[in-house]
Amino acid sequence: MIRVIISGFSGSMGQKAVKMVSDSDDMELVAGFNPVVTDLDPQSYGLNKNVKIFNKLTEIDISADIWIDFSIPGAVFDNTKFAIEHGIRPVIGTSGMSESQTSELKKMADEKNLGGIIASNFGLSAVLMMKFAQVAAKYFAESEIIEKHHEDKLDAPSGTALNTARLIYQARGHNQIQHSDDDPLGTRGGDYHGTKIHALRLPGFVADEEVIFGGVGETLTISQSTTDRQSFMTGVKLAIHEVMQQDHLVIGLEQII
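Keep in mind the model is a prediction, meaning the values are calculated, not measured. (Residues numbered from 1 in each chain as written. Predicted model: local features only at pLDDT ≥ 70, side-chain atom pairs only at ≥ 80, totals over all residues. Heavy atoms only, no water.)

**A few points about the packing of helix H4 (residues 124–137) against helix H5 (residues 159–172)**
What describes two packed helices is the angle between their axes and the distance between those same axes.
So, step 1. Across the interface, H4 lies against H5 with an axial gap of 8 Å and an inter-helix angle of 25 degrees. If you check the angle between H4 and H5, you find them roughly parallel. Helix-helix and strand crossings are classified by hand; for H4 and H5 the assignment is right-handed. Side by side, H4 and H5 meet where Ala126, Met129, Met130, Ala133, Gln134 and Ala137 of the first sit next to Thr160, Asn163, Thr164, Leu167, Ile168, Gln170, Ala171 and Arg172 of the second. (Axes fitted to C-alpha atoms, helices over the stretch in contact; angles between N-to-C directions. Helix = DSSP H or I, 4+ residues; strand = E, 2+ residues; numbered from the N terminus. Parallel < 35°, antiparallel > 145°, perpendicular 65-115°, else oblique. Left-handed = near helix turned anticlockwise from the far one by under 90°. Contact = heavy atoms within 4.5 Å.)

**Here's the deal with the domain arrangement of the chain**
Accessible area lost when the parts come together is the quantity often used to give the size of an interface.
So, step 1. As assigned here, the chain comprises domain 1 (2–114) and domain 2 (124–226).
So, step 2. The distance between the C-alpha centroids of domain 1 and domain 2 comes to 30 Å.
So, step 3. With 5 residues of domain 1 at the contact, the number on the domain 2 side is 6 residues.
So, step 4. Buried area between domain 1 and domain 2, summed over both chains or domains, comes out near 350 Å², and the portion from carbon and sulfur atoms is 54%.
So, step 5. Contact with domain 2 buries surface across domain 1, with Pro73, Ser95 and Glu99 losing the most and accounting together for 84% of the total.
So, step 6. The tally of links from domain 1 across to domain 2 stands at 1 salt bridge.
So, step 7. With its nearest N and O atoms 3.3 Å apart, the salt bridge here joins Glu99 to Arg166.
So, step 8. Taken together, the links from domain 1 to domain 2 amount to 4 residue pairs in polar contact (both at pLDDT 80 or more).
So, step 9. Its residues assigned to classes, the side of domain 1 that touches domain 2 comprises 2 nonpolar, 2 polar and 1 charged. (Domains from an automatic or database assignment. Buried area = accessible area lost by both parts, 1.4 Å probe. Salt bridge = Lys/Arg side-chain N within 4 Å of Asp/Glu carboxyl O. Polar contact = N/O pair within 3.5 Å; in protein donor to acceptor, adjacent residues only side chain to side chain. Nonpolar A, V, L, I, M, F, W, Y, C, P; charged D, E, K, R; others polar.)

**Describing the sheet that holds strand E9 (residues 195–201)**
So, step 1. Read from one edge of the open sheet, 5 strands run E8-E9-E7-E10-E11, paired in mixed fashion. Edge positions in the sheet fall to strand E8 (190–192) and strand E11 (218–226), since each of these pairs with one other strand and no more. If you compare each strand with its neighbour and ignore which way they point, the axes differ by 20 degrees on average. (Pairing = 2+ DSSP bridges.)

Spelled out as structure tokens, the structure:
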């Protein structure tokens, strides 16, 4: 059995992960972690009495194979570092880490020959959208990204949008051309090596993204829409089984699909 700890187990995504693990024949939930909970009784959350609940990293004293993280941007780096230091394979769905932080974590995991993944999105449609965008970037010199998320999402741009822009930049090998620096109201959005990113935070959305490529006399739009967070669990489950066989930290689910 694959022994799993879920960080952020009581949140909306954490609850989906709890159900996914509980419904799996080859996984066992051994612990939940969330620093904001005060009730450490697992049965208060509908969990088996043998599951341990922790609200401090320093008190986690249980062995596990996988650390699933759906916490918050401000905590995910320390959580992932803790998991790696304790030989627990990280499966990280929380966005908000900088490139320097992910590089540091990758170095740590690779030195320990520890498998893991940091993914900006576990939705298969989103991952395929990123891969298609990377292909299109070779043929279109200009593109912009519009990402739409629920009003409670803390980070902007989303990890998915930022990773999409990163893949586009890697495919082109150079910065995108800029037509104007005159933007007094900041209406042109964020910027990643010339690719503009526009972030919407509104009720009614879960997670949508579109990448629009423009060329002479034509445009290409690649888009995906997520209406239920349950869809992410297909990618999480795939990632768990993959990292159990890996000896290094992977950045992006697109690297294993």
